[in-house]
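Structure at a glance
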Amino acid sequence: MDLAYIPSPSTGVIHLGPVPLRGYAFCIIIGVFVAVWYGNRRWLARGGKAGTVADIAVWAVPFGLVGGRLYHVITDYQLYFSEGENWVDAFKIWEGGLGIWGAIALGAVGAWIGCRRRGIPLPAYADAIAPGIALAQAIGRWGNWFNQELYGRPTDLPWALEISEGPNREAGLYHPTFLYESLWCVGVALLVVWADRRFRLGHGRAFALYVAAYCAGRGWIEYMRVDEAHHVLGLRLNVWTAIVVFVLAVTYIVVSSRMRPGREEVVEPGALADLAKADAAKTDGTAKTDDAAKTDGTAKTDDAAKTDGAAKAGAGAADAVTTDAAEADPGTPAGPAGRKGTGTKPESAEKG
């Protein structure tokens, strides 16, 4: 009796009235938002402008979805174009089936178009968005869990994945390869962030490191899967793809580091102009504030001087009035008690 395992959802879709809400689609959408959000943070840290990552993603994401679906349909054409199959199902992307190789390849074309329109070097943009793409893959892989697809060989490990009976699958416990790849992608994102900070990767080398690290994990995870796939020389087609892309990514890192060492100092020229304008505005505002303070101080000084002068003038006028009064009646003492007599002699003096 199995005491522990990872259960699969009974259904991958919830109907909100006539609107179907599919777990696979939600995982893809959440992954895209995380990639754009984190890519924007890294772009700003590199000196870029806010919103640039999202603007370019408007081109990259649709191209990536089309490329991912095309790779899946081409490499698994028998699911759609063989006898008894309906070719219309090739357009039902919500039922699963996106090849990461095609998504990255055609998504890069869309990103290149967006970068060209904004005058931005594609390698710098790719370096900024690379860890976010890995995180998006980690989230998107949970869509396979909702659809109960792309699992590995049977196993009795405690973390085995329970699969229910359904079309093209048998009930049982299998390796949760979707979980293995999700955790691996999180590790790839952390590796790229660490290496980028430690070695200041530039000119597309951070993106190439992401590609190489992902391929290294995808090789052994793909080898564990049991879903139908084409084989070449005894290996699944995706294993060969991972090997070839890994070699190309490592080669790019080596050649690029020799031809263009270091990192781009300027990733978005317009950002420097905006920063200069902002600094100029701050400087101008500070100068105006200082001038206003000086003007206000000068006005206060002038007012104080005028007030002091008026007070002194008033005091001088009062002194002048007192002096004039004294000069007009020299025999009259200044004080009220010392008034001069009227000139009438006392009666005793007249009788004597």
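As the structure is a computational prediction, the values presented were derived from the model and not from experiment.

The next thing to look at is the pairing of strand 1 (residues 13-16). A regular strand places its side chains so that they alternate between the two faces of the sheet. Bridge count for strand 1 against strand 2 (residues 19-22) is four bridges, and the pairing is antiparallel. The partner of isoleucine 14 across the bridge, within strand 2, is leucine 21.

What follows deals with the environment of leucine 70. Secondary-structure assignment places leucine 70 in helix 2 (residues 52-75). By relative accessible area, which is 46% here, leucine 70 ends up partly exposed.

A word on the side chain of arginine 169. The residue arginine 169 is located in the loop between strand 3 (161-163) and strand 4 (172-174) in this model. Here serine 164 takes part through its backbone oxygen, which lies 2.8 Å from a polar atom of the side chain of arginine 169.

This part covers the packing of aromatic side chains. Applying the stated rule across the entire model yields twelve aromatic pairs. Measuring from ring centre to ring centre gives 6.2 Å for tryptophan 87 and phenylalanine 91, while their planes differ by 75°; the resulting arrangement is edge-to-face. Phenylalanine 91 carries the same exposure label as tryptophan 87, and that label is exposed. Joined through ring pairs, the aromatic side chains of Trp142, Trp145, Phe146 and Phe178 make up one cluster.

Here we take up the confidence of the model for the protein chain. Of the residues in the protein chain, 76% reach a pLDDT of 70 or more, and the chain-wide mean stands at 83. Counted against residues more than four places away or in other chains, residues 320-352, with its pLDDT under 50, gives five contacts.

Counted according to the given criterion, the structure contains 13 salt bridges. With its nearest N and O atoms 2.8 Å apart, the salt bridge here joins aspartate 196 to arginine 42. Residue aspartate 196 is found in helix 7 (residues 177-199), and its partner arginine 42 is found in helix 1 (residues 23-45); the two are separated by 154 residues along the sequence. Between glutamate 264 and arginine 46 there is a salt bridge; the shortest N-O distance is 2.9 Å. Taken as a pair, glutamate 264 in the loop between helix 9 (237-259) and helix 10 (269-328) and arginine 46 in the loop between helix 1 and helix 2 lie far apart in primary sequence, 218 residues in all. Accessibility assignment for this pair places glutamate 264 and arginine 46 in one class, buried. Bridged by salt links that share partners, the residues Arg141, Glu181, Arg218, Glu222, Arg225, Asp227 and Arg236 form one connected network.

Rules of the game
- Residues numbered from 1 in each chain as written.
- Predicted model: local features only at pLDDT ≥ 70, side-chain atom pairs only at ≥ 80, totals over all residues.
- Heavy atoms only, no water.
- Pairing = 2+ DSSP bridges.
- Helix = DSSP H or I, 4+ residues; strand = E, 2+ residues; numbered from the N terminus.
- Buried < 20%, exposed > 50% of the residue type's maximum accessible area, 1.4 Å probe, protein only.
- Polar contact = N/O pair within 3.5 Å; in protein donor to acceptor, adjacent residues only side chain to side chain.
- Phe/Tyr/Trp six-rings, centres within 6.5 Å; stacked < 30°, edge-to-face > 60°.
- pLDDT = per-residue confidence, 0-100.
- Contact = heavy atoms within 4.5 Å.
- Salt bridge = Lys/Arg side-chain N within 4 Å of Asp/Glu carboxyl O.

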